[in-house]
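# Examining the three-dimensional arrangement
So you can see what is in the structure, the chains are spelled out below.
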Amino acid sequence: MNDHRPAPADLAEAASASRSDAEATEVRRFWGRLGLPGLIDVHTHFMPERVLHKVWEYFDAQGPLTGGLAWPISYRQREAERAAVLRRFGVRAFTAMLYPHKPGMARWLNSWAADFARRTPDCLHTATLFPEPGVEAYVREAVEAGARVFKAHVQVGAYDPADELLQPAWGVLAEARVPVVIHCGSGPAPGKHTGPGPIARVLARHPGLRLIVAHLGMPEYEDFLGLAERYREMRLDTTMAFTDFTETLMPFPGRALPRLADLGDRVLLGSDFPNIPYPYLHQLHALERLDLGAEWLRAVCHHNAAELFGLGHIPPRRDSWACLTEPD
């Protein structure tokens, strides 16, 4: 007799899809209650599969830059499946945050990201850079090819963002008004050039540069808030901030919440999807429990990024949402 029972892998995949749909319904209820058309997430990771798998292996091994923390990847899926999850969540625009850790990688990563943007229209065309000869030329090429956001990772790249090799590239990006999401805070583990000092030197030379400091600059939150108060084009993203995972390690100081509220037009939703050790929904609930008001949440979760990237009205992808309950 033939055994028609599903294989364990099929059962696991079915269970994962069920959890994803349940979470998607709750995520959509979150932004539906706010009267939003969806979410815009400026800090999501898409990169060549073999590069992303290396990143996952680093987290699995609790590498030094993770602070030695246990860091299970919550959305360890294939590329198309990860994009589909974001669409089911109602994330109407997202990014492909990718970054080199050595010279000679950035131009290749930019080529991959340009192709990914062509086949993934809801992903903001992302590019990256590294302090190396020729950086100005390939940054200009990426901008001319339509790159809408750059990623810089000072911690992983182990470089000084104020390096002279980068100055012409920062100038190109400032002139083009292309935002740069930059990991420059010293969390979860400090790097040789992390912290507010190097970024302050960059902004002193390029005050119009649209830097988006990732993770609210954790753990130097207040220092980076001070820079944002000084430089009108500087912004911050919420990636992993206020979550239970982060608050046990690098808590945001309660005394600084009024300053964060006052900067509400320059704080953007970021998640670190898929490389997060908790459900996506938890980031949203963590922001909600700050109790900074619905207008602040609407601005952070959608309006600020829509204005920054000139997104305007983004038609919803009904094909990805049809199986889900409409938000209340």
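That block above? That's the structure.
Structure report, in brief.

Basis of the calculations
Residues numbered from 1 in each chain as written. Predicted model: local features only at pLDDT ≥ 70, side-chain atom pairs only at ≥ 80, totals over all residues. Heavy atoms only, no water. Core = buried A, V, L, I, M, F, W, Y, C linked by side-chain atoms within 4.5 Å. Buried < 20%, exposed > 50% of the residue type's maximum accessible area, 1.4 Å probe, protein only. Contact = heavy atoms within 4.5 Å. Helix = DSSP H or I, 4+ residues; strand = E, 2+ residues; numbered from the N terminus. Arc of directions from axis to C-beta. Axes fitted to C-alpha atoms, helices over the stretch in contact; angles between N-to-C directions. Parallel < 35°, antiparallel > 145°, perpendicular 65-115°, else oblique. 1 Å grid on protein atoms, 1.4 Å probe; cavity = no way out; pocket = protein on both sides within 12 Å on 5 of 7 lines; lining within 4 Å. Points joined across faces, edges and corners; volume = space filled by probe spheres on them. Nonpolar A, V, L, I, M, F, W, Y, C, P; charged D, E, K, R; others polar. Pairing = 2+ DSSP bridges. Polar contact = N/O pair within 3.5 Å; in protein donor to acceptor, adjacent residues only side chain to side chain. Salt bridge = Lys/Arg side-chain N within 4 Å of Asp/Glu carboxyl O.

The next point concerns the nonpolar core. Core analysis: the biggest nonpolar cluster contains 96 residues, and L39, L129, V139, F150 and Y280 have the highest contact counts within it. Apart from the residues within four sequence positions on either side, V139 is in contact with L129, F150, A169, V172 and L173. In terms of nonpolar packing, the next biggest core, distinct from the first, is built from 15 residues, M97, L124, V149 and V181 among them.

For helix α5 (residues 135-144), the complete set of buried residues consists of V135, Y138, V139, A142 and V143. Buried residues of α5, seen end-on, are gathered within an arc of 145° and therefore sit on one face of the element. Contact partners of the buried residues in α5: α4 (106-119), β4 (126-128), β5 (149-153) and α7 (167-176).

This paragraph deals with the packing of α4 against α5. Remark: α4 packs on α5, axes separated minimally by 10 Å, with the N-to-C direction vectors making an angle of 5°. Our classification of the angle between α4 and α5 gives roughly parallel. Touching A106, R107 and N110 of α4 are Y138, E141 and A142, all from α5.

Once that is clear, we can look at the environment of G264. Along the chain, G264 turns up in the loop between α11 (257-262) and β9 (267-268). Expressed as a C-alpha distance, the spacing of G264 and V300, which sit 36 residues apart in the sequence, is 6.8 Å. Contacts of G264, omitting those with residues within four sequence positions, involve W296, A299, V300 and N304.

Moving on, we come to the layout of surface pockets. Rolled over the atoms, a probe with the dimensions of a water molecule shows which regions are left empty. The space that makes up the largest pocket amounts to roughly 660 Å³. Around the largest pocket, the lining comprises 34 residues; the ones closest to its centre are V55, Y58, F59, Y99 and V156. When contributions to the lining of the largest pocket are tallied by element, the ones reaching two or more residues are α2 (49-60), β5, α6 (154-157) and α10 (244-247). With 6 residues, α2 is the largest single contributor of residues to the lining of the largest pocket. The residue makeup of the lining of the largest pocket, split by class, is 19 nonpolar, 11 polar and 4 charged.

Turning our attention to the sheet that holds strand β6 (residues 180-183). Pairing within the open sheet is parallel, and its 6 strands lie in the order β4-β5-β6-β7-β8-β9. Edge positions in the sheet fall to β4 and β9, since each has one partner strand and no second.

Note on placement: T95 falls in strand β2 (residues 91-95). Within the local environment of T95, its side chain forms a polar contact with the backbone oxygen of V42, the two atoms lying 3.0 Å apart. Not counting residues within four places of it along the chain, the set of residues in contact with T95 comprises D41, V42, H43, T44, H45, F46, C123, L124, T126 and V149.

Moving on: the sheet that holds β2. With parallel pairing, the 3 strands of this open sheet are ordered in space as β1-β2-β3. Each edge of the sheet is formed by a strand with only one pairing partner; in this case those strands are β1 (39-40) and β3 (123-124).

The full count for this structure, using the stated rule, is 22 salt bridges. Measuring nitrogen to oxygen at the nearest pair gives 2.7 Å for the salt bridge that ties E141 to R107. Placement of the pair is E141 in helix α5 and R107 in helix α4, with a sequence separation of 34 residues. By relative accessible area, which is 42% here, R107 ends up partly exposed. A salt bridge links R201 to D160, with the nearest nitrogen and oxygen atoms 3.8 Å apart. Here D160 lies in the loop between α6 and α7 and R201 lies in helix α8 (residues 196-205), a separation of 41 residues in the sequence.

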